[in-house]
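A structural walkthrough
Listed here are the chains, written in short residue letters.
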Amino acid sequence: AVLCKENRLTEHKMYGPYLPLFLLKKNPRRGGRREEPGRGPSPKARGEKAVLCRKCNNVISTHENKVAVNGSFDHTFFNPAGVVYEIGCFRLASGCFIQGNGSTEFSWFDDAIWRYAHCGNCLEHLGWHFTKPHATFFGLILSKLLDWES
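Residues numbered from 1 in each chain as written. Predicted model: local features only at pLDDT ≥ 70, side-chain atom pairs only at ≥ 80, totals over all residues. Heavy atoms only, no water.

**Things to note about the nonpolar core**
Of all hydrophobic cores here, the largest spans 13 residues; its most connected members are Y85, I87, W108, F109, W128, F130 and F137. Counting only elements with at least two residues in this core, the list comes to strand 6 (84-90), strand 9 (125-132) and strand 10 (135-141). Looking at this core element by element, the count peaks at three residues for strand 6. For I87, the contacting residues outside a window of four places in its chain are F73, D74, H75, F77, W108, F109, W128, G139, L140, I141 and L142. (Core = buried A, V, L, I, M, F, W, Y, C linked by side-chain atoms within 4.5 Å. Buried < 20%, exposed > 50% of the residue type's maximum accessible area, 1.4 Å probe, protein only. Helix = DSSP H or I, 4+ residues; strand = E, 2+ residues; numbered from the N terminus. Contact = heavy atoms within 4.5 Å.)

**Focus on the sheet that holds strand 8 (residues 113-119)**
Read across the sheet, six strands follow the order 5-6-10-9-8-7 without closing on themselves; strand pairing throughout is antiparallel. Both outer strands of the open sheet, strand 5 (74-78) and strand 7 (96-103), are each paired with one neighbouring strand and no more. For this sheet the average axis-to-axis angle between neighbouring strands, irrespective of direction, equals 30 degrees. As paired strands, strand 5 and strand 6 are joined by five bridges and run antiparallel to one another. The residue bridging T76 from the neighbouring strand is E86, located in strand 6. (Pairing = 2+ DSSP bridges. Axes fitted to C-alpha atoms, helices over the stretch in contact; angles between N-to-C directions.)

**Things to note about the sheet that holds strand 3 (residues 50-53)**
Reading across the sheet, the three strands line up as 4-3-11 and stay open at both edges, with antiparallel pairing between neighbours. Edge positions in the sheet fall to strand 4 (59-62) and strand 11 (145-148), since each has one partner strand and no second. Between one strand axis and the next, the sheet turns through 30 degrees on average, direction left out of account.

**Side note on the environment of Y85**
Looking at where Y85 falls in the secondary structure, it is placed in strand 6. The exposure class assigned to Y85 is buried, which follows from its relative accessible area of 17%. Taking the C-alpha atoms as reference points, Y85 and S143, separated by 58 residues in sequence, lie 8.7 Å from one another. Once you skip the residues sitting within four places of it in the chain, Y85 turns out to touch H75, T76, F77, N79, W108, W128 and I141.

**Some points on the state of the cysteines**
Enumeration according to the criterion identifies zero disulfides in this entry. C56 carries a free sulfur, and the closest cysteine sulfur to it, the one in C119, is 3.6 Å from it. In this structure C96 is not part of a disulfide, and its nearest cysteine sulfur, from C119, lies 7.0 Å away. (Disulfide = S-S within 2.5 Å.)

**Description of the pairing of strand 6**
Within strand 6, five of the seven residues are buried, which leaves it mostly tucked inside the rest of the structure. Between the end of strand 5 and the start of strand 6, which pair antiparallel, lie five residues, with G82 showing a positive phi angle near 90 degrees. Note: strand 6 against strand 10, four bridges, orientation antiparallel. Across the sheet, the residue bridging to C89 is G139, located in strand 10.

See below:
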């Protein structure tokens, strides 16, 4: 149990006993959104093409972070339930937080361990974080993202 409420420890409904730390911190200057130390100016402020969460417009990554995995940026896969996902691969996605234990079950990339990737602001499931022996990357669901150009 991790969430203290009226001096009682309780479990969070979605995360159980593993509450992400950003939920415990609020930044009043940004409407309660978390602010990562040392992150610097946002991609919008730097004039870069940003990739935003479609649900809340939080900056998730930039076009500069797009990366080819197995020869391509975009991929189409399906999960064990038959749901089809079109994902794009990003080297970094600082607007996401990674959640869950790593798994190799039904991994879409050889030798990759995957974990869930959520928007750090609204908690929307945006895709997955993949860890391979010599690389890590995000596979983000393209329909849940928006492009922003300065």
